[in-house]
Amino acid sequence: MDSGKVVHRRKPDIPLIRSRASDRNQHTEEVSVKSLELSKVIHLLEDPLTANLKERHLFVLKKLLKRCQIGFLLKELTGITKILNICAEKVTDHPEYGLILCEALLICRLPFLKEKASDELHYAQDVINFLSHMGCLMRVSDAEVRLHIVESVTSFYSCVAPKQLLDGLQPTSPGYRLQLLERSDLAKTLLLSMATLENQPAIRLQLLQTLQILSSSSDVNCALILNAQGAETICLHMNEPDPSGQVLFRSSEVLWNLLERGSKEVTAQLSSMECVISLKEAFFHQLMNGSQQSDLQLRNGLLVITTLIAENPNSLLIESSFAKQLVVLATFPELKSHDPLVRALKLTYNNQDLKMKKLLLHLLVVMSKDPAALQLYKEESVVLALLTLIKPPTASSERHSASRQWSSVQQEELQLQALATLSTIAPLLLDDYMFCQGNACQLMLLDWCIAQDAYFGQGHSSEATGGRGNQKPQMRHCIRMLRKMTSLGEESVSQDLCDQGTINQLLGILMQMEASPHEDDVVTLEMKSDIQLILSALCESDMHRKELFGSEGVEMVVHFLKKGSSSFYSGLGHNKLILSTVDCVWSCIVGCYTTEDYFLAKEGASLLLDLLSSCPRCVHCNILATLLELCDNPNTLSHILSWRDADGQTAPRFLLQLWRDVEEELKVSRNQHGGITDPQRPILSYHQQESPQLSFPANVPSAAVLELSENLRSKIYSIFCKLGFQDLPGLSRKHYVTLSIVRRYLDFKVGEVWDEISRELSSDGVRPISPDQEALSTICKIPEDTARRVAAEQNSILELQEKEDIGEEELMYTEIKSHWKQRELTAKSWDSYVSKTSNYEILKEVKAQREKYIESARSKPKSEEAAVHPAKHFIGQVLSVERTDAPGPAGVKVKLARAPIKAAGQVEVGARTTKDPEYFSTVSVKD
């Protein structure tokens, strides 16, 4: 059958494609006709009778695409998808279908069209399927089709203006297609298609650019790419031949996007041997051949990716020999090497080379977690290279102008970076550090830091916090380095430092920093506390070093103790400085009688108590422990007993109040007076009561034993054991109630441990033999009996206190009565005086009585008058009350003021005046 005849005979069945933009009334009917025509096109392409009619197919498809040139309708996407898939299958045998695919992909760049607002939601799954099948079109080997697919996807992220639309049609929202793209498999499919583009470099580059856009715009796209092993795939293809020179750059950009959104998963994919070797080839190619700024930046970017891979413990950097070459490169140019890599390498000492050097130093820190890498460090003398970098910079006149080298700013950054690197690596390579005389290099750098020279730091490095215009960053890292080395506890390191006079040197530096007029900042306070920690580590276990600490060290400690804790919560680091100062007392002073005596002579014990009374609760444990150790010196007790705080409170009184506060925090059962309420649990905390009883292994301390180190009660009890429990100054009855518990603390704690043993045996189902059971029961009853005796003692103390309170109350009432009596007499005297001045008859009567009394007084001797009229007094006022050791009211001595009681008209013997007495002379007070 002739193909032309077939076309002529089936012409009425060809879908009629017409544009009726002017006829608005028939628009709805036209859309239904279009849908019907789309189904006929699909039937034409799939029907076995018409499957081979290529010319008919191409004619109909061109008509269809011409009708859809303003964009695909959402409702037609399912049919369009099917048509595109059929065309893709026919491209292999008939390349003409490729042109249809290219035209369709050009239309895909336009926004999809909707008839109603609800179409976006209703046809969302159709859009997802369309985008997924669009990526599957990459199976078509035609280069033009692949290029149009990639460019169409890229156009999704640009604003493409829709063409002139028919009435009733609207473009979808700009982000609609991108949101549904994330739910499709397009990103994954595009990535998988990279394997088919080996012979099409231009399309591969365009595909990488598209993947870069997809990975930079969405975390979901990154996840889809990673699920398809995208990082590994891109890494393996980034060294393929590339005429444009852009493939490596685009690949690294995609890897960076993936790393920013899923670092661990990316590094896991890149840790394979093939990926590490691929990275190695790319890095060294850029290292040896790159000269432009972009090439150097790409080289450093690959080095950063390598550093991230090194953080993965399963990476194969060492097995691939990549790590060894990087270590050699890290020691260049400080150390000479016969490795052909560095012999052919020439640095330009620009900023990109500086960044590479700093990245290599950081890589040393990252790889140091692997023991195999430490062996490489030993072989390549990494410690020696780092010690060479940290040397103080030479003067400009001493520098060789003929050879290029790092500038002063670059040298400062490398010096700080090397110090930070050395602080991590040196403790792991202690033998190399000591062999290279690392301590001597550190002390020389420390001397240079405190020297008054013309060096001014630029402060450009990330490690140069607070150090612009000075050597403070170098000093900070140097002191931090010494602190790490001394914290190892290696005697060889400590002895080497002490042999070089480190103790006196650090003391001088610390006091020089303290004498500086500048205000304390975070960096300065950190250095001060680090120096004190270094001194503590050096002197803790050696008596001779404590003697070297000597009076100069005591003066330093006393100086910092006098600062107090007013700035504890300033946020600058004063809290650390206080703790390091207390630790310095414990490690450098306590245990050496000469320094202890000098410390006590400088009121050191009183300063510790002042700090204890003013600092927060979190520091009390350290201060009490230090004070307890200091109590081994017999001269300490008098200083503690003579101490008074700002309110006049004595040390025993303060310690007992601290005990009560601790028990209140622990919710120990106590009555309102602080007495024992439960004799079976006299000191048990609420936490111990609520926690279930468990069976502890033999090498694990129980809760009762562990509680000794977790609160302050054991330390307070130990201090009272040194001070004694009798004749303590400044204690009231309520403090004696608490003191009775403190005195028996050890007995109660022993009973608590035995009770735990008994309960643990019971929970484990173990029954001791009868004698042991009887002994255990007796032992467990002893603390309860002791608690009952202490409770009885506390009750007697409280009863005695109550009696004293009643006696004081009676004295108070007596004083009040005397005051009222005195006021009555004053009022009576005043009334008498007023009556005499206001009533003449009374005045005459008083005068007559006075004259009669004078006459009778003259006729009798004074001695007889004294016998007849003895003087009478009443209590006028209580002047003072003193207590003695006698119990009850007999122990109270009261000093009173007395006033004589005179009868009406009575005057003194021998009075010669007749003038009326004044008002305020009617009452006299005599002792």
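Conventions adopted
- Residues numbered from 1 in each chain as written.
- Predicted model: local features only at pLDDT ≥ 70, side-chain atom pairs only at ≥ 80, totals over all residues.
- Heavy atoms only, no water.
- Helix = DSSP H or I, 4+ residues; strand = E, 2+ residues; numbered from the N terminus.
- Buried < 20%, exposed > 50% of the residue type's maximum accessible area, 1.4 Å probe, protein only.
- Areas by Shrake-Rupley, 256 points an atom, 1.4 Å probe, with all protein chains shown as cover.
- Phe/Tyr/Trp six-rings, centres within 6.5 Å; stacked < 30°, edge-to-face > 60°.
- Lys NZ or Arg CZ within 6 Å of the ring centre and 35° of its normal.
- Core = buried A, V, L, I, M, F, W, Y, C linked by side-chain atoms within 4.5 Å.
- Contact = heavy atoms within 4.5 Å.
- Axes fitted to C-alpha atoms, helices over the stretch in contact; angles between N-to-C directions.
- Left-handed = near helix turned anticlockwise from the far one by under 90°.
- Nonpolar A, V, L, I, M, F, W, Y, C, P; charged D, E, K, R; others polar.
- Expected span 1.5 Å × (residues − 1).
- pLDDT = per-residue confidence, 0-100.
- Patch = residues over 30% accessible without salt bridge, like charges linked within 9 Å, V, L, I, M, F, W, Y side chains within 5 Å.
- Salt bridge = Lys/Arg side-chain N within 4 Å of Asp/Glu carboxyl O.
- Disulfide = S-S within 2.5 Å.
- Parallel < 35°, antiparallel > 145°, perpendicular 65-115°, else oblique.
- Lys, Arg positive; Asp, Glu negative; His and termini not counted.
- Charge placed at Lys NZ, Arg CZ, Asp CG, Glu CD.

J.: Before we go on, may I ask you to explain the overall build of the protein chain in this structure?
T.: Counting its secondary structure elements, the protein chain contains 44 helices and four strands. Counting all 927 residues of the protein chain, 44% fall into the buried class. With the model as given, the accessible surface of the protein chain reaches about 48,100 Å², and the carbon-plus-sulfur share is 53%.

J.: Whenever I open this one, the packing of aromatic side chains confuses me. Can you help?
T.: Here the distance between the centres and the angle between the planes together describe a pair of aromatic rings. Under the definition given, this model contains twelve aromatic pairs. Where phenylalanine 284 meets phenylalanine 322, the ring centres are 5.7 Å apart and the plane angle is 65 degrees; that geometry is what we call edge-to-face. Of this pair, phenylalanine 284 sits in helix H16 (residues 273–289) while phenylalanine 322 is found in helix H18 (residues 322–330), placing the two residues 38 residues apart along the sequence. Using a relative accessible area of 11% as the deciding quantity, one classes phenylalanine 284 as buried. Look at phenylalanine 322 and you get buried, because its relative accessible area is 0%. Here the aromatic cluster, defined as three or more aromatic residues joined through ring pairs, consists of Phe72, Phe112 and Phe130. One residue, arginine 177, lies across the ring of phenylalanine 112, its end atom 5.3 Å from the ring centre. Seen from the ring of tryptophan 820, arginine 823 lies directly overhead, with NZ or CZ sitting 4.6 Å from the centre.

J.: Explain the nonpolar core here, please?
T.: One broad trend across soluble globular proteins is that nonpolar side chains are buried collectively. Core analysis: the largest hydrophobic core is formed by 219 residues, its most contacted members being Phe72, Tyr377, Leu535, Phe549 and Phe599. Dropping the residues within four chain positions of it, phenylalanine 549 is found in contact with Ile503, Leu507, Leu535, Cys539, Val554, Met556, Val557, Cys584, Cys588 and Ile589. Ile70, Leu113, Leu166 and Leu169 belong to the second largest nonpolar core, which has five residues in total.

J.: Would you mind showing me how to read the packing of helix H41 (residues 745–763) against helix H42 (residues 770–838) here?
T.: Describing two packed helices takes the angle between their axes plus the distance from one axis to the other. It is at 9 Å that the axes of H41 and H42 come closest, and there the two elements cross at 145 degrees. Crossing handedness for the pair H41 and H42: left-handed. Contacts between H41 and H42 involve Asp747, Phe748, Gly751, Trp754, Asp755, Ser758 and Leu761 from the first element and Leu776, Ile779, Cys780, Pro783, Thr786, Ala787 and Val790 from the second. The residue makeup of the contact of H41 with H42, split by class, is nine nonpolar, three polar and two charged.

J.: Please clarify how helix H23 (residues 408–425) should be interpreted in this entry.
T.: Each turn of an α-helix holds 3.6 residues, which means side chains three or four residues apart point in the same direction. Relative to the 26 Å expected for 18 residues at 1.5 Å per residue, H23 spans 25 Å between its end C-alpha atoms, a close match to the ideal helical length. Of all 18 residues that make up H23, 14 are buried, and the element is covered over most of its length.

J.: Explain unusual backbone geometry here, please?
T.: The bulk of non-glycine residues show a negative phi, and the bulk of peptide bonds are trans. In the segment running from phenylalanine 332 into proline 333, the intervening peptide bond is cis, with an omega of 5 degrees. Tracing the backbone shows proline 333 in the loop between H18 and helix H19 (340–343). Phi is positive for glutamate 603, which is not a glycine, with a value near 60 degrees. With respect to the helices and strands, the residue glutamate 603 is situated in the loop between helix H32 (593–601) and helix H33 (604–614). Its relative accessible area of 40% is what places glutamate 603 among the partly exposed residues. Phi angles above zero are rare outside glycine, and lysine 667 is one such case at about 60 degrees.

J.: Please clarify how the side chain of glutamine 352 should be interpreted in this entry.
T.: The residue glutamine 352 is located in helix H20 (residues 351–367) in this model. Setting aside residues no more than four positions away along its own chain, glutamine 352 makes contact with Gln293, Leu296, Gln297, Arg299 and Asn300.

J.: In this structure, what is going on with the confidence of the model for the protein chain? I would like to understand it.
T.: It should be kept in mind that the predicted coordinates are not to be read in detail where pLDDT is low. Within the protein chain, residue pLDDT values average 83, and 85% of them lie at 70 or more. Scored below 50 in pLDDT, residues 864–868 shows two contacts in the model against residues more than four places distant or in partner chains.

J.: Before we go on, may I ask you to explain a nonpolar patch on the surface in this structure?
T.: On the surface, Leu746, Val750, Trp754 and Ile757 cluster together into a nonpolar patch covering about 310 Å² of accessible area. As for its position among the elements, tryptophan 754 is in helix H41. A relative accessible area of 31% means that tryptophan 754 is categorised as partly exposed.

J.: Quick question: what am I supposed to make of the environment of isoleucine 683 here?
T.: Mapped onto the fold, isoleucine 683 is located in the loop between helix H36 (651–666) and helix H37 (686–690). Using a relative accessible area of 1% as the deciding quantity, one classes isoleucine 683 as buried. For the pair formed by isoleucine 683 and alanine 787, sequence separation is 104 residues and the distance between their alpha carbons is 9.6 Å. Excluding residues that lie within four positions of it along the chain, isoleucine 683 makes contacts with Val668, Arg670, Arg713, Ile741, Tyr745, Phe748, Lys749 and Glu752.

J.: Hey, could you run me through the pattern of salt bridges in this one?
T.: Oppositely charged side chains are able to pair whenever their charged atoms sit close together. Counted according to the given criterion, the structure contains 31 salt bridges. Of the charged contacts in the structure, one is a salt bridge between aspartate 632 and lysine 722, with a shortest N-O distance of 2.9 Å. Of this pair, aspartate 632 sits in the loop between helix H34 (620–630) and helix H35 (636–641) while lysine 722 sits in helix H39 (residues 713–723), placing them 90 residues apart in sequence. Note on aspartate 632: relative accessible area 44%, which makes it partly exposed. The residue arginine 788 makes a salt bridge to glutamate 784 at a minimum N-O spacing of 2.7 Å. Taken as a pair, arginine 788 and glutamate 784 lie in helix H42 at a separation of four residues, close to a single helical turn.

J.: Quick question: what am I supposed to make of the state of the cysteines here?
T.: Every disulfide links exactly two cysteines, by a covalent bond between their sulfur atoms. Going through the model one piece at a time under the given rule, you end up with zero disulfides. Cysteine cysteine 498 shares no disulfide, and the gap to the nearest cysteine sulfur, in cysteine 539, comes to 6.5 Å. A relative accessible area of 13% means that cysteine 498 is categorised as buried.

J.: How should H39 be read in this particular structure?
T.: Across the eleven residues that make up H39, a large majority, eight, are buried. Considering only its buried residues, H39 is in contact with H34, H35, H36, helix H38 (703–710), helix H40 (733–743) and H41. Immediately beyond the C-terminal end of H39, within one or two residues, lies glycine 724, with a positive phi of roughly 95 degrees.

J.: It is not clear to me how the packing of helix H28 (residues 502–514) against helix H29 (residues 522–539) should be interpreted in this structure. Could you clarify?
T.: Here H28 crosses H29 at 155 degrees, and the two axes come no closer than 10 Å. Here H29 runs roughly antiparallel to H28, going by the angle between their axes. In terms of crossing hand, the pair formed by H28 and H29 is left-handed. Counted together, Thr502, Ile503, Leu506, Leu507, Ile509, Leu510, Met513 and Glu514 of H28 and Thr524, Met527, Lys528, Ile531, Gln532, Ile534, Leu535, Leu538 and Cys539 of H29 form the full contact between these two elements. Split into classes, the residues belonging to the contact of H28 with H29 amount to twelve nonpolar, three polar and two charged.

J.: Help me understand a negative patch on the surface, please; the structure alone is not making it clear to me.
T.: Taken together, Glu799, Glu802, Asp805, Glu809 and Glu810 make up a surface patch of like negative charges. Accessibility expressed as a relative area gives 49% for glutamate 799, which makes it partly exposed.

J.: Can you walk me through the environment of leucine 335 in this structure?
T.: Among the secondary structure elements, leucine 335 is positioned in the loop between H18 and H19. Sequence separation between leucine 335 and valine 382 is 47 residues; the distance between their C-alpha atoms is 9.1 Å. Not counting residues within four places of it along the chain, the set of residues in contact with leucine 335 comprises Glu380, Ser381, Leu384 and Ala385.

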